[in-house]
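Tertiary structure, described
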Amino acid sequence: MSTGARVPPADALRPGQHTWRHAIVRWLFISVSLTFLAAVLLAPLATVFVMAFAHGVEAYARVFADPDTVAAIRLTLLTAAVVVPVNTVFGLSAAWAIAKFEFRGKSVLVTLIDLPLAISPVIAGMLFVLLFGLHGWFGVWLLEHGVSIIFALPGIMLATMFVTFPYVARELIPLMHQLGNDEEEAAITLGAGGWLTFFRVTLPKVRWGLVYGMVLCNARAMGEFGAVSVVSGHIRGLTNTMPLHIEILYNEYNFVGAFAVASLLTLLAVLTLGVKTLVERTGYRGH
Amino acid sequence: MSFRQASVLPGFGLTFGFTTFFLSAMVLLPLAAMVLAAGSMHWHEFVHVVFSTRALDSYRLSFGASFLAAAINLVFGFIIAWTLVRYEFPGRKLIDALIDMPFAMPTAVSGIALTTVFAQSGWIGRFLEPLGIKVAYTWLGVTLALTLISMPFTVRAVQPALLEVQHDLEDAAETLGAGRFYVFRRIILPTVLPALLTGFTLSFARAVGEYGSVIFIAGNLPMKTEITPLLIVIHLEQFDYQGAAALGFVMLVMSFTVLFAINLLQAWGRRRQLRAANS
């Protein structure tokens, strides 16, 4: 995604343009950009940590001694631990079918895979309420059999799976397509089986794209708010994920608590960006 | 032509089958549930929910603020992309990496942080307050949150397009006496216009559905600062599933219409450019 990194900046290459007018335009563009980014990006980012440590390190540490906070962190980790592998298997499968073969209706399939990105998270959560909620399609059947999905762990996982559904596939499809089939065809022709070819040829080829997709999927899975908020029921210590716990603490005016939990998710975001930058440096380029 | 072309590679049946099955179960079946729930309503019930004053006000805010946010990003996204592509300054690479922050940051965190910064006593809010500008808990705050979360789309769309602008054309034009603005209008703008439109579309689509960052800064007053996704949540909390499905259905139809219109506009622009290049 980052495109400015490896290209030398143009004004170093073009002599004779260092007139006063260019200097003013340059100064104007840089200062407008920096001011805008400082106001909407850096100030909120700094606020998270300033507010989290507003009453000192001890108050910050006390937040994580609260059992409800610990439960929220555990639930978020558990959800990501299920959702990311499932969507990774799906992404690999979709990329193999779409990038390695030519078939009718391929573009329709690609569009449908991207569909969850165009749908409001709230609507995503609602879809599962309509299916599994008390008045939903399977509501009565589920009640009779004592299975709870909505306001319980399965609903949270389903909603998270829906919103993070395209992330791995989106990274892998263009990458596999671009890298071509030559090595795989050679391996198969020489007698290697399908699985061996996949694990020994394809997977090493696309590993950085895969890592990138999984990291993005994980960040979204851990940070998802709207979709999970609809299906969770907000039961403290039970169905509260970290983002939902932040909302509850914030609405109780427990700002240190809210921003302390937020600071963990912010660190996760920074880590995600770090991995992204590293992966791009290996030569793999996002689209 | 058969369904698929022959290939020596194995695994098409397995992967295609799993992909379509999982897609149907996770995405298509739930969407069908929504369309059916909305469709099973009586016509006048549907109209009553979808065209109530409260719903209409929420569309105005959701779509209006999203449009405004996408427009703001059109301007600032272009300026930021230009700065990152054309100029060298200390911290450029760091800023380039930070652009994606709104994508990586959970929306609830962006929401509470923005609200704190722009509240009356906040770092920026305290300077706007004496000027009579209230951001937090007004439509301005909604627009601000939507601007932040959709900002990377325009920057990332425009950056590669700006790299494609041919410097020799610009230099030639300037040597021949063209002004900076003329060069911008005739050489730079046509090259980046499709990318700008793409960025606008993506920003808008993301902003319309946004929930997490907005509800903290909006204040959520019915008819004033209540976005459509929040209205859906309110219907769901009252166990009015059909009403929620109807609103969700309207939202999807409206956003797909806007996306479709912008795609048409883009196709028209491409054709016009081709004609201009051929004549």
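Note that the structure is a prediction, hence the values are computed from the model and not measured.

A separate point is the overall build of chain A. Helices and strands together make up the secondary structure of chain A, namely 15 helices and zero strands. If one aligns the C-alpha atoms of chain A with their principal axes, the spans along those axes are about 70 × 60 × 30 Å. Per-residue burial for chain A yields a buried fraction of 44% across its 287 residues. Here the contacts in chain A between residues at least 6 apart in sequence split such that 75% fall between residues at least 24 apart.

A separate point is the overall build of chain B. Assigned secondary structure in chain B consists of 13 helices and zero strands. Order of helices (α) and strands (β) in chain B, N terminus to C terminus: α-α-α-α-α-α-α-α-α-α-α-α-α. With respect to the principal axes defined by its C-alpha atoms, chain B has extents near 70 × 70 × 35 Å. Put simply, chain B has 279 residues, and 44% of those count as buried. Pairs at least 24 apart in sequence give 77% of the contacts found in chain B among residues at least 6 apart.

Now for the domain arrangement of chain B. Residue and element names in this part refer to chain B. Split by domain assignment, chain B resolves into domain 1 (1-40) and domain 2 (42-278). Here domain 1 and domain 2 have C-alpha centroids that lie 32 Å from each other. Tallying the contact residues gives four residues for domain 1 and seven residues for domain 2. Looking at the side of domain 1 that touches domain 2, its residues break down into four nonpolar, no polar and no charged.

Tallying the contact residues gives 84 residues for chain A and 78 residues for chain B. Ranked by residue count, the leading element in the side of chain A that touches chain B is helix α2 (residues 20-52) of chain A, at 16 residues. The class makeup of the residues in the side of chain A that touches chain B is 56 nonpolar, 18 polar and 10 charged.

The next point concerns helix α1 (residues 12-39) of chain B. At S24 of chain B, α1 of chain B is bent by approximately 45°, the largest bend along its length. Three or more residues of α1 of chain B are buried, namely T15, F16, T19, L23, V27, P30, L31, A33, M34, A37 and A38 of chain B. The secondary structure elements touched by the buried residues of α1 of chain B are α4 (67-100), α5 (106-114), α6 (121-132) and α8 (153-163) of chain A together with α2 (43-50) and α13 (241-278) of chain B.

Bringing the domain arrangement of chain A into the picture now. Residue and element names in this part refer to chain A. Segmentation of chain A into domains returns domain 1 (1-52) and domain 2 (55-281). Placing the centre of domain 1 and that of domain 2 at their C-alpha centroids yields a distance of 33 Å. The partner domain 2 presents nine residues to the seven residues of domain 1 that form the contact.

Residue and element names in this part refer to chain B. Looking at chain B as a whole, the pLDDT averages 89, with 99% of positions reaching at least 70. Looking across chain B, the model is least confident in helix α9 (residues 167-175), with a mean pLDDT of 79, and most confident in helix α6 (residues 107-118), with 95. We note a pTM of 0.89 for the whole complex and an ipTM of 0.88 for its interfaces.

The next point concerns unusual backbone geometry. All names here are of chain A. Backbone geometry at H234 places phi at a positive 55°, although glycine is not the residue there. Within the secondary structure, H234 sits in the loop between α13 (226-232) and α14 (242-251). Positioned with a positive phi, Y253 is a non-glycine residue whose angle comes to about 60°. Its 8 C-beta neighbours within 10 Å are what place Y253 among the exposed residues.

In this section: the packing of helix α9 (residues 167-179) of chain A against helix α12 (residues 207-223) of chain A. All names here are of chain A. One can describe the packing of α9 onto α12 by two numbers: an axis separation of 7 Å at closest approach and a directional angle of 160°. By the criterion of interaxial angle, the relationship of α9 to α12 is roughly antiparallel. With respect to the hand of their crossing, α9 and α12 are arranged in right-handed fashion. In contact with Y167, V168, E171, L172 and L175 of α9, α12 contributes G209, L210, Y212, G213, M214, L216, C217 and R220.

Rules used in this analysis
Residues numbered from 1 in each chain as written. Chains lettered and ligands numbered in written order. Predicted model: local features only at pLDDT ≥ 70, side-chain atom pairs only at ≥ 80, totals over all residues. Helix = DSSP H or I, 4+ residues; strand = E, 2+ residues; numbered from the N terminus. Buried ≥ 20, exposed ≤ 12 C-beta atoms within 10 Å, placed from the backbone. Contact = placed C-beta atoms within 7 Å. Domains from an automatic or database assignment. Nonpolar A, V, L, I, M, F, W, Y, C, P; charged D, E, K, R; others polar. Bend = angle between axes of the 7 residues up to and from the residue. pLDDT = per-residue confidence, 0-100. Axes fitted to C-alpha atoms, helices over the stretch in contact; angles between N-to-C directions. Parallel < 35°, antiparallel > 145°, perpendicular 65-115°, else oblique. Left-handed = near helix turned anticlockwise from the far one by under 90°.

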